[in-house]
Structure formats: C-alpha cells, structure tokens
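Letter by letter, the chains look like this.
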Amino acid sequence: MDAELPGADENRLFDTHAHQPTSEFLHDAGGEMMQDAADRFGTTLDTWDYDEMIEEYHDAGIGRAVLLGWDAETNTGNPPVPNDYVAEVRDEYPDFFVGFGSVDPLKDDCVQEAIRCVEDLGLSGFKFQQIAQGFDPSDDRHDHLWSTIEDLGVPVVFHGGNSTLGACSAGGRGLKVKYGDPMLIDDVAAEHPDLQILIAHPAYPWEKEQLAICQQKGNVYMDLSGWIPKYIDEQVLQYAGSLLKDKVMFGTDYPMIDPETWLESFAQDTDFGEEIQRKILYENAEEFFDL
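A short tour of the structure in this document, coming up. Everything quoted here is computed from the prediction, not taken from an experiment.

## Overview of the layout of surface pockets
Here is step 1 of the chain: Empty space within the second largest pocket amounts to approximately 240 Å³.
Here is step 2 of the chain: Forming the walls of the second largest pocket are 15 residues, and the residues nearest its centre are Ser 124, Pro 155, Phe 288, Phe 289 and Asp 290.
Here is step 3 of the chain: If one sorts the elements of the lining of the second largest pocket by residue count, strand β3 (residues 97-100) sits on top with four residues.
Here is step 4 of the chain: Residue classes in the lining of the second largest pocket are distributed as eight nonpolar, four polar and three charged.

Shown next, in the form of structure tokens:
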C-alpha cells in the first residue's frame, strides 16, 4: 500500500471497524437484509478466511483491527455472530484483532451476557447497530445495560446514520432508520459520562448533529468507516482536521469496503498534513483503545 501515509511502512495503521469476511456474518447474521445491501451496490457476498484478510490488511500497512460481534436476533430473526466465536478468532490472531462483543438489548439476558463477554471472554468492548437491532438507546429500559458496561470500564461502538441493510426492499425489511440518529446517543453520553463511546460512520444524514455531539461530549468520538473519503461530507473532514482532530479515527467497515480502496482515497481525496493523518490513521485509536 501507499508507503507515503505515515505509519504504513511499519504496519501501525489501526482500523476501528471490521466485520467477519465469513459466512457467520455475511450470510447467517446478515441474511436477506445483507443481500439487499449487496444488490443495491452491485457487489457480492463472497467469503474468505482470516489469513487472507490479515494479509490484505498488512499489505495496506494496517497492523490492528477491531473485530465486531453482532446480535440482532430479536429484531431480525437472524442468528448472531456468537461472542465466543469473536473471542476464538481474537485468540487465534491476538496481535492483530481487538475483539468486541455484541449483546441484543431486547434479550432478557443482555446484561448478564455483557458481563460474561468482559469477565469470561476478555472482550474489549461492545458494538451496537441500533437500526438492525431495532432499539432506541436513549430509552430508559436500556439504562441498566449502559450502567453495567460503564462499570465494566470498556468502550462501546454505536452505529451512526442510515444503514444500507435492507436497501430498496419492501419496507426496508422493517428496519427503521430513525434509530441511527446520533441524537439518541447524546442522551446516553450525558447520563453515563464515564462510558467511552465511538460512533461509527459519518452519520449521514445527521453529520452536523454528530459533529456537535462529538464537540460537546468529551466521552464521544467518531470514525470514518462505511464511506470512502471521496464521498464524506466536507464539513466532517474539516472538523476532523481541526476542532475534532483528537476524536476522529480511521475505519473501513470491512469487508464492505476494503482497506486499500479506503486508504487510496484518503491519500488522494483529502489534504490533511502529516500530523492529522497520524491522528486519524492510528494515534487517536491507540489512545481510545488504550493500546
């Protein structure tokens, strides 16, 4: 990959947002809604193994990636990517993957599962996809879960903005875009100041709201995953290089976006200086994930 990007020649780049390139995520958990997204954007749901994935990442100069769990079973009927599976993959490649679990907030045992993820499986945090999971994070019924994760001392990743899942299908397969509004996460951040929150994606069509939240809440950060930099809103990039230079991170949304494509666009379609490139590509993530 482009050795001109700082940190690439030493494989220091850090992808904050990666999914499994295997059937566990793309076919089982994703189901028809994932196929809708693939059809909409003219891609396929081919699978490959983790050795191939890591080789691809190393070729791009990336040495670490957050591997995200997934459990939207109650809302979608699809099986989860099991937390035990995420931990097993992490254990097989401990120098590369940071494992994040997922709990379904609509399940009665979500709090107990969150505790098990950290205390028994040693996972490093949690991923929530509110549109797929069908829940409002600001609803009081979920407060016990946020308090528990806050007490466990690990960060959470929330989805920000629209989702391509279910794209162009009748009724979007019942998925509700409103749950991707980052203003719902603002309530959680305000009421749980010790909970470190990373909002995934530039939050289209709520980019400005997300920037405001990241600026006002010291415990809220964001990544640039899910969008090739060429298509990211100009104000998001402006803030990433100025007011939010310590709070914006690189992410791909792998395998939907491959690292080489993202990084080539970052090099060609942005004009950040080396200091900001370092912050976005690895320094901010190293500090956020305490690595």
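Here the narrative resumes.
## Re the pattern of salt bridges
Here is step 1 of the chain: Here the structure, examined in full by the defined rule, presents twelve salt bridges.
Here is step 2 of the chain: Notably, a salt bridge pairs Glu 73 with Lys 107, separated by 2.7 Å at the nearest N-O pair. With Glu 73 in helix α4 (residues 73-76) and Lys 107 in the loop between β3 and α6 (110-119), this residue pair connects regions lying 34 residues apart in the sequence.
Here is step 3 of the chain: Overall, the relative accessible area of 31% leaves Glu 73 in the partly exposed class.
Here is step 4 of the chain: On the accessibility criterion, Lys 107 (23% relative accessible area) is partly exposed.
Here is step 5 of the chain: A salt bridge links Lys 279 to Asp 246, with the nearest nitrogen and oxygen atoms 2.6 Å apart. Within this pair, whereas Lys 279 is found in helix α13 (residues 274-288), its partner Asp 246 is found in the loop between α11 (234-240) and β8 (248-249), the two being separated by 33 residues in sequence.
Here is step 6 of the chain: Taking the relative accessible area as the measure of exposure, Lys 279 reaches 14% and is therefore buried.

## Quick notes on unusual backbone geometry
Here is step 1 of the chain: The amide bond that connects Tyr 204 to the next residue, Pro 205, takes the cis arrangement and shows omega of 5 degrees.
Here is step 2 of the chain: Cis rather than trans, the peptide bond between Tyr 254 and Pro 255 has omega equal to 5 degrees.
Here is step 3 of the chain: With respect to the element layout, Pro 255 can be found in the loop between β8 and α12 (259-269).
Here is step 4 of the chain: Even without being a glycine, Arg 173 presents a positive backbone phi close to 55 degrees.
Here is step 5 of the chain: Topologically, Arg 173 is positioned in the loop between β5 (156-159) and α9 (183-191).
Here is step 6 of the chain: Taking relative accessible area as the criterion, Arg 173 reaches 40% and is therefore assigned partly exposed.
Here is step 7 of the chain: Backbone geometry places Asp 253, a non-glycine residue, at a positive phi of 80 degrees.
Here is step 8 of the chain: Within the element layout of this structure, Asp 253 appears in the loop between β8 and α12.

## Structural notes on the sheet that holds β3
Here is step 1 of the chain: Taken in spatial order, the three strands of this open sheet run β1-β2-β3, and their pairing is parallel. Edge positions in the sheet fall to β1 (13-18) and β3, since each has one partner strand and no second. Strand-to-strand twist in this sheet, taken as the mean axis angle between neighbours without regard to direction, amounts to 15 degrees.
Here is step 2 of the chain: Together, β1, β2 (62-68) and β3 form the strand contacts of helix α3 (residues 50-59), whose direction differs from that of β2 by roughly 135 degrees.

## Remarks on the side chain of Lys 247
Here is step 1 of the chain: Structurally, the position occupied by Lys 247 is in the loop between α11 and β8.
Here is step 2 of the chain: It is Asp 246 that comes nearest to the buried, bridge-free Lys 247 among opposite-charge side chains, at 9.2 Å.
Here is step 3 of the chain: Within the structure, the side chain of Lys 247 is placed 2.6 Å from the backbone oxygen of Lys 217, a separation counted as a polar contact.
Here is step 4 of the chain: Setting aside chain neighbours within four positions, we find Lys 247 in contact with Cys 214, Lys 217, Gly 218, Val 220, Tyr 221, Met 222 and Asn 284.

## A few points about the pairing of β3
Here is step 1 of the chain: Of the two faces of β3, the one lined by Phe 97 and Gly 99 and the one lined by Val 98 and Phe 100 are each fully buried.
Here is step 2 of the chain: Direction of pairing for β2 relative to β3: parallel, over a ladder of four bridges. Bridge assignment links Val 66 to a residue of β3, and that residue is Val 98.

## Description of empty space enclosed by the protein
Here is step 1 of the chain: Within this structure, the stated rule accounts for one cavity of 30 Å³ or more.
Here is step 2 of the chain: As a volume, the largest cavity reaches approximately 40 Å³.
Here is step 3 of the chain: In this structure, the largest cavity is lined by Gly 69, Trp 70, Asp 71, Ala 72, Ser 102, Lys 127, Phe 128, Gln 129, Ala 132 and Gln 133.
Here is step 4 of the chain: For the lining of the largest cavity, the secondary-structure elements that each account for two or more residues are β4 (126-128) and α7 (130-133).
Here is step 5 of the chain: Residues that form the lining of the largest cavity fall into these classes: four nonpolar, four polar and two charged.

Rules behind the numbers
Residues numbered from 1 in each chain as written. Predicted model: local features only at pLDDT ≥ 70, side-chain atom pairs only at ≥ 80, totals over all residues. Heavy atoms only, no water. 1 Å grid on protein atoms, 1.4 Å probe; cavity = no way out; pocket = protein on both sides within 12 Å on 5 of 7 lines; lining within 4 Å. Points joined across faces, edges and corners; volume = space filled by probe spheres on them. Helix = DSSP H or I, 4+ residues; strand = E, 2+ residues; numbered from the N terminus. Nonpolar A, V, L, I, M, F, W, Y, C, P; charged D, E, K, R; others polar. Salt bridge = Lys/Arg side-chain N within 4 Å of Asp/Glu carboxyl O. Buried < 20%, exposed > 50% of the residue type's maximum accessible area, 1.4 Å probe, protein only. Pairing = 2+ DSSP bridges. Axes fitted to C-alpha atoms, helices over the stretch in contact; angles between N-to-C directions. Contact = heavy atoms within 4.5 Å. Lys, Arg positive; Asp, Glu negative; His and termini not counted. Polar contact = N/O pair within 3.5 Å; in protein donor to acceptor, adjacent residues only side chain to side chain.

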